[in-house]
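# Coordinates in review
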Amino acid sequence: MGQDLPIDRPQSAATRASAPASAENGPLIELRAQDWRTFTDTEDIAAWDALAKTAAEPNPFYESWNLLPALEEFDRSGLVELWLLKADGQLVGLVPMKRDFRYYGYSMPHWCNWTHANCFLGAPLIVRGFERVFWSHLLARADHHAGLSLFLHLALMPGTGPLHLALSAEIRQSERARPAATVVCEERAALVSRASPKAYFEESLSTKKRKELRRQQRRLEDEGDLTLKRLKTAEGLTHWIDNFLDLEHRGWKGKAGSALACDPRTARLFTYALEGAARRGQLLRLSLLLDGKPIAMLANFICAPGAFSYKTTFDEDYSRFSPGVLLQRENLDILEDDTIAWVDSCAAQDHPMIDHFWRERRIIAGHSIGIGGIVRRRVFSAAVQRETGRPAKGIL
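Residues numbered from 1 in each chain as written. Predicted model: local features only at pLDDT ≥ 70, side-chain atom pairs only at ≥ 80, totals over all residues. Heavy atoms only, no water.

### Description of the packing of helix α2 (residues 42-54) against helix α3 (residues 64-74)
Running from amino to carboxyl end, α2 crosses α3 at an angle of 125°, the nearest separation of the two axes being 10 Å. With respect to α3, the element α2 is oriented oblique. Contact residues: α2 offers Ile-45, Trp-48 and Asp-49, while α3 offers Ser-64, Leu-67 and Leu-68. By residue class, the composition of the contact of α2 with α3 is four nonpolar, one polar and one charged. (Axes fitted to C-alpha atoms, helices over the stretch in contact; angles between N-to-C directions. Helix = DSSP H or I, 4+ residues; strand = E, 2+ residues; numbered from the N terminus. Parallel < 35°, antiparallel > 145°, perpendicular 65-115°, else oblique. Contact = heavy atoms within 4.5 Å. Nonpolar A, V, L, I, M, F, W, Y, C, P; charged D, E, K, R; others polar.)

### Concerning the nonpolar core
Within the largest apolar cluster, 81 residues are counted, with the highest numbers of intra-cluster contacts made by Leu-138 and Phe-301. Here this core gets seven residues from one element, more than from any other, and that element is helix α10 (residues 264-279). Once you skip the residues sitting within four places of it in the chain, Phe-301 turns out to touch Pro-60, Phe-61, Trp-65, Asn-66, Ala-273, Leu-274, Ala-277, Gln-282, Leu-283, Ala-307, Phe-308 and Tyr-310. Ranked by size, the runner-up nonpolar core spans 32 residues in total, among them Leu-284, Leu-288, Tyr-318 and Leu-326. (Core = buried A, V, L, I, M, F, W, Y, C linked by side-chain atoms within 4.5 Å. Buried < 20%, exposed > 50% of the residue type's maximum accessible area, 1.4 Å probe, protein only.)

### A word on α2
With 13 residues, α2 extends 19 Å between its outermost C-alpha atoms, agreeing within 8% with the 18 Å of an ideal straight helix rising 1.5 Å per residue. Along α2, the residues that are buried comprise Asp-44, Ile-45, Trp-48, Asp-49, Leu-51, Ala-52 and Thr-54. (Expected span 1.5 Å × (residues − 1).)

### A look at the environment of Pro-391
Considering the arrangement of structural elements, one finds Pro-391 in the loop between α13 (374-388) and β14 (393-394). Owing to a relative accessible area of 42%, Pro-391 belongs among the partly exposed residues under this scheme. When the C-alpha positions of Pro-391 and Pro-179 are compared, they lie 8.4 Å apart, and in sequence the two are 212 residues distant.

### A closer look at helix α8 (residues 237-249)
With 13 residues, α8 ought to run about 18 Å at 1.5 Å a step, and its terminal C-alpha atoms sit 18 Å apart, in line with that. Buried within α8 are the following residues: Leu-237, Trp-240, Ile-241, Phe-244, Leu-245, Leu-247 and Glu-248. Buried residues along α8 cover an arc of 165° about the axis, so they all sit on one side. Across from the buried face of α8, at angles greater than 90 degrees, the exposed residues are Thr-238 and His-239. Where α8 is buried, its residues meet α9 (252-256), α10, β9 (283-290), β10 (293-303) and β11 (306-314). (Arc of directions from axis to C-beta.)

### Some remarks on the pattern of salt bridges
Working definition: two side chains of opposite charge can pair if their charged atoms are close together. For the coordinates displayed, the defined rule picks out 18 salt bridges. Residue Glu-212 is joined to Arg-215 by a salt bridge in which the shortest nitrogen-to-oxygen separation is 2.8 Å. With Glu-212 and Arg-215 both in helix α7 (residues 207-223) and three residues apart, this pair spans about one turn of that helix. Overall, the relative accessible area of 28% leaves Glu-212 in the partly exposed class. Each of Glu-73, Arg-76 and Arg-268 takes part in one network of salt bridges that share partners. (Salt bridge = Lys/Arg side-chain N within 4 Å of Asp/Glu carboxyl O.)

### Thoughts on the pairing of strand β4 (residues 106-113)
Sheet topology note: the strand β3 (residues 90-103)/β4 ladder contains six bridges and is antiparallel. If you follow Arg-102 over to β4, its bridge partner there is Ser-107. Here β3 folds back onto β4, and the loop between the two strands holds two residues, one of which, Tyr-104, carries a positive phi near 50°. (Pairing = 2+ DSSP bridges.)

Listed below in structure tokens is the structure:
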């Protein structure tokens, strides 16, 4: 199984003073659904951004600067709802939810957290201390608004950490036995180390492989002036984005039709997300340049105490020099940032490059949970046992 990432983020005294101390002190708790198109004014965004900064687990894909542009591109009809948990009127939890009628290719109505092809984590944003309260209210709402939905499916969830532990506890300790099962469980590469970048690099790759990378870098330097550019500001961002989209589109993803620029919606979302992250100081960009022309590019989202390696691309005309791997070696410098304890690769399990480079693993899971009355839960239990071959007795 994957490593239990040190996801918890420390809270300053000022943060603790401005947030409800705990769910046990008796604040008025309310979870309601809201059309996301009506949750966009200045005060709403400010509350959303404050929630993201104090969330028990960071998730850049559900922050305002990333989720709203995604919804504007892929849910213009407003089928997605924001389920908002408030304590004494203060926003302490948020997740996008949708009724869906397709489940892994099958016709099966259900509630689910909303994701899209370029969203790599489905964890709700929840203020620390309200994890269990959030899940209790979310499950209760799913019960009361089940409609035609047979169950609740939570996709791309962290398989360890405070949100996972709270959800597991809520399922186990429900007054009525609530059937549930983990139906998807993958491990993707993560970076979790106190080693220096040089030490981590030497421990990750064999002497032979390191020697080969040094040779490739020297050969690449023979081709022209090789430089690295690392940016944490919005300097030249529009030009950088254009170069990234063009570089990716000229490669195998463009030929396969999966490059961001193949769909105007994904190209716009990439642009808006990077611009939003940059405005909030949450974007780290790396570029490997040959005679001033980018041959490998990488965008990280910074969400202390974590970071997310969002998108990377390289010029396939230089693939014999492994420019993408050379850039990932430079990306190890993120280990020197004292505010970052871990990095999520956002890569698929068994990724051919990053899995050999980053040694740690993060569990990403999909959970299906029974909702509604006894009969509905029994039908769900039978269905999930057929799907997984195991009784629906809780999530892993």
